[in-house]
Amino acid sequence: MTQVGIICANALPPVWIFPRVRFDKARMMAGAPTGTLGLVHKSGWMTAENFLSVLIFFKENVRCSNGNPVLLIMDNHESHLSVEGPDYCKGNGITILTLPPHTSNKLQPLDHCVFGPFKKFFNEAVNAWHLSHPNESVTIFELPQMSATAWDRAAIPENIKSGFKSCGISPFDRNIFPNEHFLSSVVSDRPPPVLLNHQSSPGSIAEEQAGSKVEDAVITSVVSSRTLEIPTFSTTENTYVSPEEVRPFPEAPPRKLSCRGRKRGRCMIATDSPEKNEIAERKCKNSKEKQAEKRRVHQRSSSPLEEVGENTSDSDQDSHENEVEPIYSLHSGDFVIVRVSGKNTSRNYVAQIVNRAVDGYDVKFFKRQIASNRFIETDETVSFLSYEETVLKLPEPIKDNKKRFENMTYFDFDSMPFCIQ
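Parameters and conventions
Residues numbered from 1 in each chain as written. Predicted model: local features only at pLDDT ≥ 70, side-chain atom pairs only at ≥ 80, totals over all residues. Heavy atoms only, no water. Helix = DSSP H or I, 4+ residues; strand = E, 2+ residues; numbered from the N terminus. Axes fitted to C-alpha atoms, helices over the stretch in contact; angles between N-to-C directions. Parallel < 35°, antiparallel > 145°, perpendicular 65-115°, else oblique. Left-handed = near helix turned anticlockwise from the far one by under 90°. Contact = heavy atoms within 4.5 Å. Pairing = 2+ DSSP bridges. Salt bridge = Lys/Arg side-chain N within 4 Å of Asp/Glu carboxyl O. Buried < 20%, exposed > 50% of the residue type's maximum accessible area, 1.4 Å probe, protein only.

### A look at unusual backbone geometry
Phase 1: Proline 171 follows serine 170 through a cis peptide bond whose omega is 0°.
Phase 2: Locating proline 171 in the fold gives a position in the loop between α8 (157-166) and α9 (202-227).
Phase 3: Positive phi is not limited to glycine here, since arginine 63 has a value of about 60°.
Phase 4: Examined against the element boundaries, arginine 63 turns out to sit in the loop between α2 (48-62) and β4 (70-74).
Phase 5: One non-glycine residue, asparagine 135, lies in the positive phi region at around 60°.
Phase 6: Topologically, asparagine 135 is positioned in the loop between α6 (115-132) and α7 (143-154).

### Comments concerning the packing of α2 against helix α3 (residues 84-91)
Phase 1: Where α2 contacts α3, the axes come no closer than 9 Å and their chain directions differ by 15°. The orientation of α2 with respect to α3, classified from their angle, is roughly parallel. Where α2 crosses over α3, the handedness of that crossing is right-handed. Note on element contacts: α3 touches α2 through Glu84, Gly85, Tyr88 and Cys89, opposite Leu52, Leu55, Ile56 and Lys59.

### Here we look at the pairing of strand β7 (residues 346-356)
Phase 1: Here strand β6 (residues 335-341) runs beside β7; their pairing, made up of 7 bridges, is antiparallel. By the bridge assignment, valine 340 is partnered in β7 with arginine 347.
Phase 2: Where β6 folds back onto β7 in an antiparallel hairpin, the turn is made up of 4 residues.
Phase 3: Strand direction decides the pairing type here: β7 and strand β8 (residues 360-368), joined by 6 bridges, are antiparallel. Bridge pairing in β8 places asparagine 355 opposite aspartate 362.
Phase 4: The loop that links β7 with its antiparallel partner β8 comprises 3 residues.

### Side note on the pattern of salt bridges
Phase 1: Counted by the stated rule, this structure contains 6 salt bridges.
Phase 2: Across the salt bridge formed by lysine 276 and aspartate 87, the nearest N and O atoms sit 2.8 Å from each other. Of this pair, lysine 276 sits in helix α11 (residues 273-302) while aspartate 87 sits in helix α3, and the two are 189 residues apart along the sequence.
Phase 3: You can call aspartate 87 partly exposed: its relative accessible area is 38%.
Phase 4: Glutamate 278 serves as the salt-bridge partner of arginine 282, at 3.9 Å between the closest nitrogen and oxygen. Here glutamate 278 and arginine 282 lie together in helix α11, a separation of 4 residues that amounts to about one turn.
Phase 5: Looking at arginine 282, the relative accessible area reads 32%, which means it is partly exposed.
Phase 6: Connected through shared salt-bridge partners, Arg266, Glu275, Glu278 and Arg282 make up one network.

Given below as structure tokens:
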């Protein structure tokens, strides 16, 4: 379960995201104070769709507009930077400023002075609940009331003002963090990797590579000289040798170029036009890549078989009715999609071939789990199906080691066009 905390001069009512598909207000919001917002998602995490609801909730409580603008400071999580969110903010007088990555512990007022007391009061509320409900477990339906009580005690004006002041936001203080705060990261200071420009000439690339090699050599020599440095001890009584001279702090190796993971975040004003356009282009590119991957998976899964009697003329059907090679290439143990016809309709099912006969297959059926590509074997006896009832050969099933999926069979393919039962 996720709680969204928003603070200004005073704290706004909290927002909760429950790990459910359907919202049950009577049970989920029982005991919650007036003005709170409840949302649902099957994972209980924040998503782009839910964050748009949070922005609408924020506008209604702050009552901002283009004539009365506000500044919203938050991290640059992917769910916060959808296309719809900045568009809504720009039309309602909300300016989004994102924090640089890995700086929430310094620049986030909630992390400084609100979340610490909130966790303390929340733990006390849970302990008090257990005292009055022995031998019972806390469920998500008790969390809103306990969370709201802890939030009211932690998000008080004194803590909020201290948070903005300790972060240097209000009153603004550029030098709020002295150099001593950054001493712990000195041992990991490393020069940035040399990025090669692929559009430059071969000569310039060679020069950049040579420069990077020289830079790496200099770094290596410095590390080696520090590591192999042998301290000299004097017999003078007042001479002091620090432990760092005997054994220097280990230094991190040079940074490596990596394309893994999501793109590194940065501080930006997400409601500005250049940033909004960049977010829209990135989302469009990701959606196109996902669609292309789905098409490739569908083509791989649909290529082994063809439907019988399709795109053939009446004159050629008799002479070629036994020349469908993909159907005869199936063997025992293969998984297929089959069409079972009733009186008025026909439905598709997943089946596994047990034996191959002269004019068809003996198969056993699998039942689909709701809204998934996971199937479980039915208790029905082995049935016979003709070649004409075989629609598609499925890819090899994927084994899932999770205990709750141990009796299920999973297929990595797009099942939407087939409406499998």
